[in-house]
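In case you want the letters, here they are:
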6 protein chains.
Amino acid sequence: MTEAVLIEYDQADPEAKAVFDEIAAVRGIDPRQVNNFWKAMARHPAQMRRMWSNMRAVMTPGALDMRTKEMIYLAVSVTNACDYCVASHGAQARKWGMTEEMFGELMAVVGLANETNRLAAGYRVPVDAAFKVP
Amino acid sequence: MTEAVLIEYDQADPEAKAVFDEIAAVRGIDPRQVNNFWKAMARHPAQMRRMWSNMRAVMTPGALDMRTKEMIYLAVSVTNACDYCVASHGAQARKWGMTEEMFGELMAVVGLANETNRLAAGYRVPVDAAFKVP
Amino acid sequence: MTEAVLIEYDQADPEAKAVFDEIAAVRGIDPRQVNNFWKAMARHPAQMRRMWSNMRAVMTPGALDMRTKEMIYLAVSVTNACDYCVASHGAQARKWGMTEEMFGELMAVVGLANETNRLAAGYRVPVDAAFKVP
Amino acid sequence: MTEAVLIEYDQADPEAKAVFDEIAAVRGIDPRQVNNFWKAMARHPAQMRRMWSNMRAVMTPGALDMRTKEMIYLAVSVTNACDYCVASHGAQARKWGMTEEMFGELMAVVGLANETNRLAAGYRVPVDAAFKVP
Amino acid sequence: MTEAVLIEYDQADPEAKAVFDEIAAVRGIDPRQVNNFWKAMARHPAQMRRMWSNMRAVMTPGALDMRTKEMIYLAVSVTNACDYCVASHGAQARKWGMTEEMFGELMAVVGLANETNRLAAGYRVPVDAAFKVP
Amino acid sequence: MTEAVLIEYDQADPEAKAVFDEIAAVRGIDPRQVNNFWKAMARHPAQMRRMWSNMRAVMTPGALDMRTKEMIYLAVSVTNACDYCVASHGAQARKWGMTEEMFGELMAVVGLANETNRLAAGYRVPVDAAFKVP
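Residues numbered from 1 in each chain as written. Chains lettered and ligands numbered in written order. Predicted model: local features only at pLDDT ≥ 70, side-chain atom pairs only at ≥ 80, totals over all residues. Heavy atoms only, no water.

Here we come to the UniProt feature "domain: Carboxymuconolactone decarboxylase-like" (unreviewed entry) in chain A. Per the UniProt record, "domain: Carboxymuconolactone decarboxylase-like" (unreviewed entry) is found at residues 49–125 of chain A. Helix makes up 78% of residues 49–125 of chain A and strand 0%, whereas the separation of the span's terminal C-alpha atoms amounts to 43 Å. (UniProt positions renumbered as here; feature names shortened; annotations may be inferred. Helix = DSSP H or I, 4+ residues; strand = E, 2+ residues; numbered from the N terminus.)

So, in structure tokens, the structure goes:
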């Protein structure tokens, strides 16, 4: 057996099936159309439930709107080079209104930040007193 | 000599001094108050000029506002654990309107994304056809 | 020529062949069945020998048993999103007794650690005196 | 204000105070002795509550014992170079029985895994069919 | 639409076409043979222009020759496990004279550095006074 | 006890002392002046011996000269933001002839590579057939 097993809805155990149903309900899709990430998580129903609860708690409109949250999620996924997450959250960000132009600007910021993060490390730049805790 | 040398404005060569002056003018501060990152970059004036030009080109209002851009910059810096950048761009994001509540939500998204990025890798989740290029 | 050349046992030079033979003997398999990682390393026989010696020295039962060592190896590989290593060390960990339930708990710990590692960086949490060196 | 603010128990709001009390109860310590990570999280009580719930759900004995879980947590923290987490989970792992010898072996595995993860990437090693999903 | 769209030269807008032409002229190839990275960047012509200007400014002979610069680029790409960049800059490094033996030594250094970087983090080694800024 | 214990030469056990002596002999210094990395490794003499043997095997002139090898080591350390390694290998690289100008160019390449590595991931750029294995 390998790391790559996916559990389809019809083969899922009741606990996992319940989570598939909640995801499907929230997204207004058929539970069999839920994306692969959750089919993989279904291998461990309790974890799947816990991760879904966290996703629901965090990825909800608050002080930040959904588009901004998905763009931040995408920026982290690009930085970690997580191809699955770049594809899935890129799609989510667009669903919430990220335009092609916004995506281009997001990529420019992510690229520049990854560059200057290393410049700060390589030049061993000390944090300015102005930024430090009083 | 070590990686940690900082060049103060008054010791900078003309090319670096000109960049310090531009940064100061844009921020409405004295060139001697420019932050340490640039004092380190001043060791290599041509690079300092190039990085400042890139910073100016990217960190400007466009399809995304400055607050969103600084929050994306901060999200990347937190993911890379760049303490200098977390401190400096955290300050910038606040200057552009990031509230304590927004920061809390940003951290929640960054934390969750870093978690699920690894779950996708560990479960070796294949990208859904729906996300793939036609 | 590209980075992806693999040297098959029958084409390997004597020094690399000797390492293939040792790996095969240790694993009780035919030297032609040794996995791709070593076929790639065979491009540089001296490095292949050195890496195999390190692997033998580290991945042997000691204060930690093989299952625990392979699970730690897997946890690092998941964190670095090394798909090859997740696949190969996932298989090794299972060979040494990692059950599906243990894998689920390992993934939960790896995911949570990657999340809190970033929270510590983003909140710039200072190390408690209790954790510091006396 | 900066990223580094810590909220002491006596200044915490009721929701955060309740989490401090739970942590203290579980660890058998005074709530004022809870470590800095939680004092930082107390800035955002709802997140603090959610993270503590996740920590409780994951860091509990199951198919894996606490020592093994804390060693996996430590391996991830070392790989991400999270100094705070290396210090705190190193202390936790020792509390759960990790000896100096076990720590040495853990470090050897973490170091070797980080090395071979990059060798697999640099040689662009394809995953063996034997490791692939049937 | 997904993240993976590539813009071919004949479909590119004038601004992007001009960059394709410059890249082709510098490399002495047909603009239709420019590699995929630039076809992706062509989605955002202004960014494509900016990135090409940076590439030209940095990847030019100076105090370091092109072979050394491409090997450093490759070392970073291997460390970040960027498969595209390992393939493209591996090819570039070879074009500039990196032999198979040099590649083997580069990989040995990259592997060892990734290992000792984590040992330094895990043992929490303080920087020697001799290395510190006076 | 914490992760940060350093073993001084006079307190080291015979096996570790022998390694300190070899390092000192190679560098032409007093064994009490060996840098902190090795004082930390001395906690686990067998690992210290193994790491020193690897360091000796890899960091020796071959197809690549010492300056180039130390610059590659530095590039990796900057990318991983290992402050200890940036300080120690930056000093080593200078000892082997890296000038301030070379360091500036190295940092420019490292910064640009870290930027484009993420652009390749974010745009999900497929590897060109020209770069693929035949």
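What follows concerns helix H5 (residues 83–95) of chain C. For H5(C), which comprises 13 residues, the first-to-last C-alpha distance of 18 Å matches the rise-based estimate of 18 Å (1.5 Å per residue) to within 8%. For H5(C), the set of buried residues is Tyr84(C), Cys85(C), Val86(C), Ala87(C), Ser88(C), His89(C), Gly90(C), Ala93(C) and Arg94(C). Summarising the contacts, the buried residues of H5(C) are in contact with helix H6 (100–122) of chain B, helix H2 (36–41), helix H4 (66–79) and helix H6 (100–122) of chain C together with helix H6 (100–122) of chain D. Backbone geometry just downstream of H5(C) places Gly97(C) in the positive-phi region, at approximately 110°. (Expected span 1.5 Å × (residues − 1). Buried < 20%, exposed > 50% of the residue type's maximum accessible area, 1.4 Å probe, protein only. Contact = heavy atoms within 4.5 Å.)

With an RMSD of 0.0 Å, the fit of chain B onto chain C corresponds to turning through 180° and sliding 0.0 Å along the axis. Each copy turns onto its partner about a two-fold axis. Residues of chain B ranked by C-alpha distance from the rotation axis are headed by Glu115(B), positioned 2.5 Å from it. Mapped onto chain C, 100% of the interface residues of chain B are again interface residues, and the two copies thus contact each other with one and the same surface. (Least-squares fit on C-alpha atoms with pLDDT ≥ 70 in both.)

The next subject is the domain arrangement of chain A. Taken domain by domain, chain A comprises domain 1 (1–58) and domain 2 (61–127 + 130–134). A separation of 26 Å is found between the C-alpha centroids of domain 1 of chain A and domain 2 of chain A. (Domains from an automatic or database assignment.)

Quick look at the interface of chain B and chain C now. Put simply, an interface is often sized by how much accessible area is lost when its parts join up. Tallying the contact residues gives 20 residues for chain B and 20 residues for chain C. Each partner contributes to the roughly 1,700 Å² buried at the junction of chain B and chain C, and carbon and sulfur atoms together form 61% of this total. Linking chain B with chain C are two salt bridges, by the criterion used here. Its salt-bridge partner being Arg124(B), residue Asp83(C) comes within 2.7 Å of it at the nearest N-O pair. Where chain B packs against chain C, one counts six residue pairs in polar contact (both at pLDDT 80 or more). Taken together, the elements giving at least two residues each to the side of chain B that touches chain C come down to helix H4 (66–79), helix H5 (83–95) and H6 of chain B. Considering every element that reaches the side of chain B that touches chain C, the biggest residue donor is H6(B), with twelve residues. Per-class residue counts for the side of chain B that touches chain C are eleven nonpolar, five polar and four charged. (Buried area = accessible area lost by both parts, 1.4 Å probe. Salt bridge = Lys/Arg side-chain N within 4 Å of Asp/Glu carboxyl O. Polar contact = N/O pair within 3.5 Å; in protein donor to acceptor, adjacent residues only side chain to side chain. Nonpolar A, V, L, I, M, F, W, Y, C, P; charged D, E, K, R; others polar.)

Every contact between the two is made by 59 residues of chain A and, on the other side, 59 residues of chain B. Overall, the association of chain A and chain B removes approximately 5,400 Å² of surface from exposure, summing both partners, and the carbon and sulfur fraction of that is 73%. Our count for the contact surface shared by chain A and chain B stands at two salt bridges. One can count 22 residue pairs in polar contact (both at pLDDT 80 or more) joining chain A with chain B. Residue contributions to the side of chain A that touches chain B peak at 17 residues, all from helix H6 (residues 100–122) of chain A. Class assignment of the residues belonging to the side of chain A that touches chain B gives a composition of 35 nonpolar, 13 polar and eleven charged.

Bringing the nonpolar core into the picture now. A general trend in soluble globular proteins is that nonpolar side chains are found buried together. Of all hydrophobic cores here, the largest spans 102 residues; its most connected members are Trp38(B) and Trp38(E). Sequence-distant contacts of Trp38(B), defined by excluding residues within four places in its chain, comprise Phe20(B), Ile23(B), Arg27(B), Met48(B), Met51(B), Trp52(B) and Met55(B). (Core = buried A, V, L, I, M, F, W, Y, C linked by side-chain atoms within 4.5 Å.)

Moving on, we get to the relation of the copies chain A and chain B. Least-squares fitting of chain A to chain B yields an RMSD of 0.0 Å, with the superposition described by an axial translation of 0.0 Å and a rotation of 180°. A symmetric contact is evident, with 100% of the interface residues of chain A recurring at the interface of chain B.

To continue, consider unusual backbone geometry. A positive phi angle, near 50°, is found at Arg124(A), a position not held by glycine. Among the structural elements, Arg124(A) can be located in the segment after H6.

Turning our attention to the packing of helix H4 (residues 66–79) of chain F against helix H6 (residues 100–122) of chain F. Residue and element names in this part refer to chain F. Where H4 meets H6, the axes come as close as 10 Å, and the angle between the chain directions of the two elements is 45°. Judged by the angle between their axes, H4 and H6 are oblique. In this structure, H4 meets H6 at a crossing whose hand is right-handed. Side by side, H4 and H6 meet where Arg 67, Met 71, Leu 74, Ala 75, Val 78 and Thr 79 of the first sit next to Met 102, Phe 103, Leu 106, Met 107, Val 110 and Asn 114 of the second. Taken together, the residues of the contact of H4 with H6 break down into nine nonpolar, two polar and one charged. (Axes fitted to C-alpha atoms, helices over the stretch in contact; angles between N-to-C directions. Parallel < 35°, antiparallel > 145°, perpendicular 65-115°, else oblique. Left-handed = near helix turned anticlockwise from the far one by under 90°.)

All names here are of chain C. Tallied over the entire structure, the rule returns six disulfides over all chains. Two residues, Cys 82 and Cys 85, share a disulfide whose sulfurs are 2.5 Å apart. Classification of the bridge connecting Cys 82 and Cys 85 rests on its S-S torsion, roughly 45°, and on that basis the disulfide is right-handed. Residue Cys 82 shares its accessibility class with Cys 85, and that shared class is buried. (Disulfide = S-S within 2.5 Å.)

Right, let's get into the pattern of salt bridges. Any two side chains of opposite charge can pair, so long as their charged atoms come close to each other. For the structure shown, the criterion picks out 48 salt bridges over all chains. Glu100(B) is paired through a salt bridge with Arg94(B); the nearest N and O atoms lie 3.1 Å apart. The exposure class of Arg94(B) is buried, given its relative accessible area of 18%. The network of salt bridges with common partners includes Asp10(A), Asp30(A) and Arg32(A).

Here we take up the side chain of His44(C). Positionally, His44(C) belongs in the loop between H2 and helix H3 (45–58). From its side chain, His44(C) meets the backbone oxygen of Glu100(E) in a polar contact 3.0 Å long. Ignoring anything within four residues of it in the chain, the contact list for His44(C) reads Tyr123(D), Glu100(E), Phe103(E) and Gly104(E).

A few words now on helix H3 (residues 45–58) of chain D. For H3(D), built from 14 residues, the straight-helix expectation of 20 Å at 1.5 Å per residue is met to within 8% by its first-to-last C-alpha distance of 20 Å. At its buried positions, H3(D) is contacted by helix H3 (45–58) of chain A, H6 of chain B, H6 of chain C together with helix H1 (14–27), helix H2 (36–41) and helix H4 (66–79) of chain D.

Moving on, we get to the packing of aromatic side chains. The description of an aromatic ring pair rests on the distance of the ring centres and on the angle between the ring planes. Counted according to the given criterion, the structure contains 30 aromatic pairs over all chains. Judged by centre distance (5.0 Å) and plane angle (90°), the ring pair of Phe37(C) and Trp38(C) falls under edge-to-face. Of the two residues examined, Phe37(C) and Trp38(C), each falls in the buried class. On the numbers, 5.6 Å between centres and 90° between planes, the contact of Trp38(E) with Trp52(E) is edge-to-face. Of this pair, Trp38(E) sits in helix H2 (residues 36–41) while Trp52(E) sits in helix H3 (residues 45–58), placing them 14 residues apart in sequence. Judged by relative accessible area, Trp38(E) falls into the buried class, the value being 3%. One Lys or Arg, Lys17(B), reaches over the ring of Tyr9(B) and ends 5.3 Å from the middle of that ring. In this arrangement the basic side chain of Arg94(D) is found over the ring face of Phe103(D), its NZ or CZ atom lying 5.0 Å from the centre. (Phe/Tyr/Trp six-rings, centres within 6.5 Å; stacked < 30°, edge-to-face > 60°. Lys NZ or Arg CZ within 6 Å of the ring centre and 35° of its normal.)

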